Amino acid sequence: MDFNVKKLASDAGVFFTRAVQYTEEKFGQAEKTELDAHLENLIARADCTKNWTEKIFRQTEVLLQPNPSARIEEFFYEKLDRKIPSRTTNAELLGQYMQDAAKDFGPGTPYGSTLITVGEYQKRLGGAEREFLQTSAINFLTPLRNFLEGDWKTISKERRLLENRRLDLDVCKARLKKAKSAEAKAADAPDFQETRPRNYVLSASASALWSEEVDKAEHELRVAQTEFDRQAEVTRLLLEGISSTHVNHLRCLHEFVEAQAAYYTQCHKHMQDLQKELSSANGDTFPNAFAVNASTSGVSTGPSPLSTASLPSPSRPPNPSNALEPSTLKIEEVKPPATGTRKAKVLYDYDAADTSELSLLADELITVYTVPGMDPDWLIGERGNQKGKVPVTYLELLS
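Residues numbered from 1 in each chain as written. Predicted model: local features only at pLDDT ≥ 70, side-chain atom pairs only at ≥ 80, totals over all residues. Heavy atoms only, no water.

**Student:** A description of the overall build of the chain should follow, citing residues and the corresponding values.
**Tutor:** A tally of regular secondary structure across the chain gives nine helices and five strands. Reading the chain from its N end, one meets helices and strands in the order α-α-α-α-α-α-α-α-α-β-β-β-β-β. Split into buried and exposed, the 399 residues of the chain put 30% on the buried side. Intrachain contacts of the chain at a sequence separation of at least 6 include 71% that bridge at least 24 residues. (Helix = DSSP H or I, 4+ residues; strand = E, 2+ residues; numbered from the N terminus. Buried < 20%, exposed > 50% of the residue type's maximum accessible area, 1.4 Å probe, protein only. Contact = heavy atoms within 4.5 Å.)

If you want it as structure tokens, here you go:
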């Protein structure tokens, strides 16, 4: 086996010193270098994003595929980089069973003909479900999985490197502190009445050795500080990218809702058509069996609200009516608070919908703050003498 023994021994020594430093910090026996507040906030935000993204991803998988065995099978196909085989939906399987039963019962009988009709619509429902599952997996699950298995792994790796650099820095600080303490003791003038000349010479030599040790420790500390600062900057840049992740996941969430709306609209239409067909075919045998009474059944015969509802476009968030009530608060009368204003970087261009909003240009910096009574999705933005409401999703708040 070809390996470098010296490097292996050196790595083992570094690991041991880090372990000692970490243990002493946990027991309060060593000083610990604290990260700056901004970086700590970014780390906490990243952890929160990871935890909730993972929960949403897992539960969406359960929603789209309730069968645990099927989920495990799909997982292995993905890991083996093989195409997942097409699987018949439950509705399609039910429709096929109904049509097969109709052949035995007699397709010309009322029961057989009805089974054929219902089976056909069950297959249509299954087809709509299949399309919804495929669309949701591509537009919603895949981006979440890419974040958890790609971006988050990179962030975790850099955070581990940052923790190692911090431990190395603290080890160097402790080493320098011990060297200076030993140098001070060795530099103390000996008592000539009780110390022989030879001991005095040895004491002077020890003082010189400790002075060299201090210089070496100071050099190592400067190198460790430089590496720590560099790694902290790399980690900070990665963590600030979480804002872009939120924007991307917001777009994917809109696409998921649109896919759900289209799926339920198709199902509603198929069931309405089935009711009409059964009502016309079996009206003489079962009068009013499939009549839809909107006042009692609660099922509207009109178009589904989801089919006509206008989902918020990713380019413009919803502007709730209570974001700023004109009757109680006017933009020109809003004054910035004494404390609580922040700088924000604009992520995307935004065109104001009315005079109460402020148009934005990507990459510009504005001052933002909130006032009582505002919707949490909006802030008051100021740029020079201009002022107006701005959407939070278009901003990256700075410290």
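Once you've had a look at it, read on.
**Student:** Residue-level account of a nonpolar patch on the surface, with values.
**Tutor:** Residues Leu250, Leu253 and Val257 make up a contiguous nonpolar surface patch of roughly 200 Å² in combined accessible area. Mapped onto the fold, Val257 is located in helix H7 (residues 242-281). (Patch = residues over 30% accessible without salt bridge, like charges linked within 9 Å, V, L, I, M, F, W, Y side chains within 5 Å. Areas by Shrake-Rupley, 256 points an atom, 1.4 Å probe, with all protein chains shown as cover. Salt bridge = Lys/Arg side-chain N within 4 Å of Asp/Glu carboxyl O.)

**Student:** Can you tell me about helix H4 (residues 90-105), naming the residues and giving the values?
**Tutor:** Its 16 residues place the ends of H4 22 Å apart at the C-alpha level, agreeing with the 22 Å of an ideal helix rising 1.5 Å per residue. By the burial criterion, the buried members of H4 are Ala91, Glu92, Gly95, Met98, Gln99 and Ala102. The arc enclosing the buried residues of H4, seen along the axis, measures out at 120 degrees, which places them on a common side. For H4, the exposed residues set more than 90 degrees away from the buried face come down to Asn90, Tyr97 and Asp104. Downstream of H4 by one or two residues, Gly106 has phi in the positive range, about 110 degrees. (Expected span 1.5 Å × (residues − 1). Arc of directions from axis to C-beta.)

**Student:** Describe the sheet that holds strand E4 (residues 386-391), listing the residues and the values that go with them.
**Tutor:** Spatial strand order, E4-E3-E2-E1-E5: five strands in an open sheet with antiparallel pairing. Strand pairing shows two members of the sheet lacking a second neighbour, E4 and strand E5 (395-397), which therefore form its edges. Strand-to-strand twist in this sheet, taken as the mean axis angle between neighbours without regard to direction, amounts to 40 degrees. (Pairing = 2+ DSSP bridges. Axes fitted to C-alpha atoms, helices over the stretch in contact; angles between N-to-C directions.)

**Student:** Run through helix H2 (residues 37-64), naming residues and quoting values.
**Tutor:** Between its first and last C-alpha, H2 extends 40 Å over 28 residues, near the 40 Å set by a 1.5 Å rise per residue. Leu39, Leu42, Ile43, Ala46, Thr49, Lys50, Thr53, Phe57, Thr60 and Leu64 are the residues of H2 that are buried. Capping the start of H2 is the job of one residue whose side-chain oxygen sits 3.1 Å from the backbone nitrogen of His38: Asp36. (Polar contact = N/O pair within 3.5 Å; in protein donor to acceptor, adjacent residues only side chain to side chain.)

**Student:** Pulling in residues and values, what's your account of the packing of aromatic side chains?
**Tutor:** Taken as a whole and assessed by the stated rule, the structure comprises eight aromatic pairs. Both rings, one in Phe147 and one in Trp152, keep their centres 6.3 Å apart while their planes meet at 50 degrees; by these two values the pair is tilted. Exposure remark for Phe147: the relative accessible area of 2% places this residue in the buried category. Cluster of aromatic residues (ring-pair linked, three or more members): Phe132, Phe140, Phe256, Tyr263 and Tyr264. The positively charged end of Lys389 is found above the aromatic ring belonging to Trp378, 5.6 Å away from the centroid. (Phe/Tyr/Trp six-rings, centres within 6.5 Å; stacked < 30°, edge-to-face > 60°. Lys NZ or Arg CZ within 6 Å of the ring centre and 35° of its normal.)

**Student:** If you had to explain the nonpolar core to someone new, which residues and values would you point to?
**Tutor:** Leu35, Leu39, Phe132, Leu162 and Leu239 are the most contacted members of the largest nonpolar core, which totals 36 residues. Residue assignment for this core shows that the elements contributing at least two residues are H2, helix H5 (110-187), helix H6 (197-240) and H7. Considering each element in turn, this core owes the most residues, 15 residues, to H5. Beyond its immediate stretch of four places on either side in the chain, Leu162 contacts Leu35, Leu39, Phe228, Gln231, Ala232 and Thr235. With 18 residues, the next largest nonpolar core counts Ala344, Tyr369, Val371 and Trp378 among its residues. (Core = buried A, V, L, I, M, F, W, Y, C linked by side-chain atoms within 4.5 Å.)

Geometry only, nothing functional implied.
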